Amino acid sequence: MTQHSSIRPRVSLIERAAKAYDFRAALEASDAAPEPVRSAAAADEAAPAVDPAWKAAPFEGRLGRIARDQLAERGFIIPDAAPSVLAEEYRIIKRELLLDADTIARGRVILVASGASGEGKTFSAVNLALSCAQERDIEVVLVDADVAKPEVLATLGLDNGPGLLDALADPTVRIEDCLIRTDVPNLVVLPAGTARNEATELLASGRTKALLEGLIAANPRRLVILDSPPALAASPASVLALVAGQALVVVRADKTPERALRETVALLNHCPQIRLLLNSVEYAGSSRRFGSYYGQVQ
Ligand SMILES: Nc1ncnc2c1ncn2[C@@H]1O[C@H](COP(=O)(O)OP(=O)(O)OP(=O)(O)O)[C@@H](O)[C@H]1O
Ligand SMILES: [Mg+2]
């Protein structure tokens, strides 16, 4: 462990994360068994193939430095640090998602969602992005699509700036110019952009799909990870499910009511592949951090 390892989980922070399954099928046949977990080796074999002749356009956005100390303090994966339990767990989750990146439609666009606030969407989206950025041949674009309550940039310690909403609202704003390249190789961040009243309508417009497809088209090595607002509290998550090929639904172990989970999955129904990530927050750090969370879910 490194100097950053002040967080010592008592138990695995992400439980049974690899047990992804088709929840909709499970709804139809309650005795359906979960899909077997595919091995990391199999995932490597299925790693997305990119034409070696392909060259990325020169980068035109901003540069930002990731606040590693802040990530460490809050219990996130720390780029370039020695392997940790959390990093290992996200490696398993990542493998499952990468297997489907090029085998299902829009598989390179991954929506991180949950029913309620505080279940760990931003935590999971950021950790997943940091984990995927370690892959060769992948450029991760982490999009702060929680436009009403954007937290990705603050979490990473990046300065805010123009982003998704600006590119959606103004066709003269190029999305590539809004990207922030970071000092973590292969990690690029797209801010939510300037807050505005018509944010939901903008996200619901056909331009969202076009912009996200444009991000992938500009660089076929890209994997787009969308942090989203709570699906049961706001409509953008279900809109984003239309453009994402894979969804990772974050569930707070022992806290998310089953009914809320079923409703969340139903709202994301347009997404071809839905997986569950059981996020446990057994945590040896300050317990105050989760005080508001427990209040909201029960
Ligand atoms: N497994 C975990 N280990 C440590 N901290 C965690 C874990 N999961 C979540 N947290 C922390 O719990 C808090 C709430 O999580 P997070 O912000 O990711 O939730 P969210 O679903 O994005 O909420 P919102 O819908 O309000 O944006 C954050 O401080 C986050 O860092
Ligand atoms: Mg969040």
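The structure under discussion appears in the preceding block.
To start, this report covers the structure provided alongside it. Since we're looking at a predicted model, the values are computed, not measured.

A few words now on unusual backbone geometry. In this structure, Asp80 takes a positive phi of about 70° despite not being glycine. Here Asp80 is to be found in the loop between helix H3 (68-73) and helix H4 (85-99).

Next up on the list: the nonpolar core. By size, the foremost hydrophobic cluster in this structure holds 78 residues, and its most contacted members are Ile110, Ala129, Val140, Leu142, Ile225, Leu226 and Val249. The contact partners of Ile110, leaving out residues within four places of it in the chain, are Leu97, Leu223, Val224, Ile225, Leu226, Ala244, Gln246 and Leu248.

Turning our attention to the environment of Leu278. With respect to the element layout, Leu278 can be found in strand S9 (residues 273-279). Residue classification places Leu278 among the partly exposed positions, given that 18 C-beta atoms sit within 10 Å. Taking C-alpha positions, Leu278 is 6.0 Å from Val250, a pair spaced 28 residues apart along the chain.

Where burial is concerned, most of S9 is hidden: six out of the seven residues are buried. By the bridge criterion, seven bridges tie strand S8 (residues 246-252) to S9 in an arrangement that is parallel. The residue bridging Ala247 from the neighbouring strand is Ile274, located in S9. The handedness of the S8 to S9 crossover, carried by helix H12 (residues 258-267), is right-handed.

Definitions and cut-offs
Residues numbered from 1 in each chain as written. Chains lettered and ligands numbered in written order. Predicted model: local features only at pLDDT ≥ 70, side-chain atom pairs only at ≥ 80, totals over all residues. Helix = DSSP H or I, 4+ residues; strand = E, 2+ residues; numbered from the N terminus. Core = buried A, V, L, I, M, F, W, Y, C linked by C-beta atoms within 7 Å. Buried ≥ 20, exposed ≤ 12 C-beta atoms within 10 Å, placed from the backbone. Contact = placed C-beta atoms within 7 Å. Pairing = 2+ DSSP bridges. Right-handed = clockwise from strand over helix to strand, strands pointing away.

Remember, this is a structural readout, not a statement about activity or role.
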